[in-house]
Amino acid sequence: MQNLVSYKNVEIFRKEKLVLKEVTFTLSQGQFYYLVGRVGSGKSSLMKSMYADVPLRHGEEASVIGFDLLKIKEREIPWLRRKIGIVFQDFQLLQDRSVHSNLEFVCRATGWHDKNEIDHRINEVLLQVGMSNKSYKMPHELSGGEQQRVVIARALLNKPELILADEPTGNLDPQTGFQILTLLHGLVDSGVTILMATHNLQLLDDFPGNVFRCADKHMIME
């Protein structure tokens, strides 16, 4: 099974403060991983390091989808991020435009030019997340669960090999969170690797997966 991510003895800093040390782990293709731990334990910093939002300075190896994060150049970062889908807890949708326009904005920002190809891909991902009949809606007209489905659709636009989901159910009621987890786990069947940070340990019982825990400046596999 191919490893999409491989860290070996990596140290992660935020503003000169050591957040995690001796980080060693791999993520394999087509697997679902949970990242658990208390607030401030380093979960978000770890995820941000994987798309070069938190730079890495120390470590023996830090590889994400073929990119060496210890040596990555500024001009290479957009190419890395096109291979990764990111799902945020707070949605981060543009409030002044429709669902379709939100997704079109991302396509054009990541190098798509052909209008027909853009429209076709938007229709594909909205169908995939069960939102094909809501493309004309504005974000404020959608429920929290519907907005999170749009965020997942946005993450899928560039057919990523890896999806990083940072507390994607944190602002949702339990039933809606269950639906979002069902959707995310379904993506794994198509070969996508997912790393999801969560505080909701009940999800681990309902949707089993590999579990990493951040605690005491370390990351361990449970």
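This text follows the structure it describes.
Owing to the predicted nature of the structure, the values given are computational and were not obtained by experimental measurement.

**Observations regarding the overall build of the chain**
Right, on to step 1. The helix and strand tally for the chain stands at seven helices and 10 strands.
Right, on to step 2. The C-alpha radius of gyration of the chain comes to 17 Å, within 12% of the 17 Å expected for a compact globule of 222 residues.
Right, on to step 3. The C-alpha extent of the chain, read off along each of the three principal axes, is 45 × 40 × 35 Å.
Right, on to step 4. Within the chain, the proportion of its 222 residues that are buried is 49%.
Right, on to step 5. For the chain, the share of sequence-separated contacts (at least 6 apart) that also reach a separation of at least 24 residues comes to 70%.
Right, on to step 6. When the accessible surface of the chain is totalled, it reaches about 11100 Å², and 48% of it is carbon and sulfur.
Right, on to step 7. Averaging the coordinates of the 26 positive side-chain charges in the chain and doing the same for the 27 negative ones gives two points 4 Å apart.

**With respect to the pattern of salt bridges**
Right, on to step 1. Per the counting criterion, the structure on display carries eight salt bridges.
Right, on to step 2. Residue Asp96 is joined to Arg97 by a salt bridge in which the shortest nitrogen-to-oxygen separation is 3.3 Å.
Right, on to step 3. For Arg97, a relative accessible area of 27% puts it in the partly exposed group.
Right, on to step 4. Two residues, Lys115 and Asp119, come together in a salt bridge whose shortest N-O distance is 2.8 Å. Of this pair, Lys115 and Asp119 both sit in helix H4 (residues 115-128), four residues apart, which is roughly one turn of the helix.

**Description of the layout of surface pockets**
Right, on to step 1. Put simply, the largest pocket is a space of about 570 Å³.
Right, on to step 2. For the lining of the largest pocket, the secondary-structure elements that each account for two or more residues are helix H2 (77-82), strand E6 (84-87), helix H3 (99-109) and helix H5 (144-156).
Right, on to step 3. When its residues are assigned to classes, the lining of the largest pocket shows 11 nonpolar, five polar and three charged.
Right, on to step 4. Approximately 160 Å³ is the volume found for the second largest pocket.
Right, on to step 5. Together, Arg38, Val39, Gly40, Ser41, Gly42, Lys43, Ser44, Ser45, Gln89, Asp166, Glu167 and His199 line the second largest pocket.
Right, on to step 6. With three residues, the top contributor of residues to the lining of the second largest pocket is helix H1 (residues 43-50).
Right, on to step 7. Here the residues of the lining of the second largest pocket sort into one nonpolar, seven polar and four charged.

**Regarding the sheet that holds strand E5 (residues 67-68)**
Right, on to step 1. The sheet built from four strands is open, its strands ordered E2-E1-E4-E5 with antiparallel pairing. On the outer flanks of this sheet lie strand E2 (17-28) and E5, each paired with one strand and no other.
Right, on to step 2. The sheet contact formed by strand E4 (residues 61-64) and E5 spans two bridges and is antiparallel. Residue pairing for E5: Ser63 is matched across the bridge by Asp68.
Right, on to step 3. Across the sheet, H1 lies against strand E1 (3-14), E2 and E4, angled at about 120 degrees from E1, the strand it touches most.

How each quantity is defined
Residues numbered from 1 in each chain as written. Predicted model: local features only at pLDDT ≥ 70, side-chain atom pairs only at ≥ 80, totals over all residues. Heavy atoms only, no water. Helix = DSSP H or I, 4+ residues; strand = E, 2+ residues; numbered from the N terminus. Rg over C-alpha atoms; globule rule 2.2 N^0.38 Å. Buried < 20%, exposed > 50% of the residue type's maximum accessible area, 1.4 Å probe, protein only. Contact = heavy atoms within 4.5 Å. Areas by Shrake-Rupley, 256 points an atom, 1.4 Å probe, with all protein chains shown as cover. Lys, Arg positive; Asp, Glu negative; His and termini not counted. Charge placed at Lys NZ, Arg CZ, Asp CG, Glu CD. Salt bridge = Lys/Arg side-chain N within 4 Å of Asp/Glu carboxyl O. 1 Å grid on protein atoms, 1.4 Å probe; cavity = no way out; pocket = protein on both sides within 12 Å on 5 of 7 lines; lining within 4 Å. Points joined across faces, edges and corners; volume = space filled by probe spheres on them. Nonpolar A, V, L, I, M, F, W, Y, C, P; charged D, E, K, R; others polar. Pairing = 2+ DSSP bridges. Axes fitted to C-alpha atoms, helices over the stretch in contact; angles between N-to-C directions.

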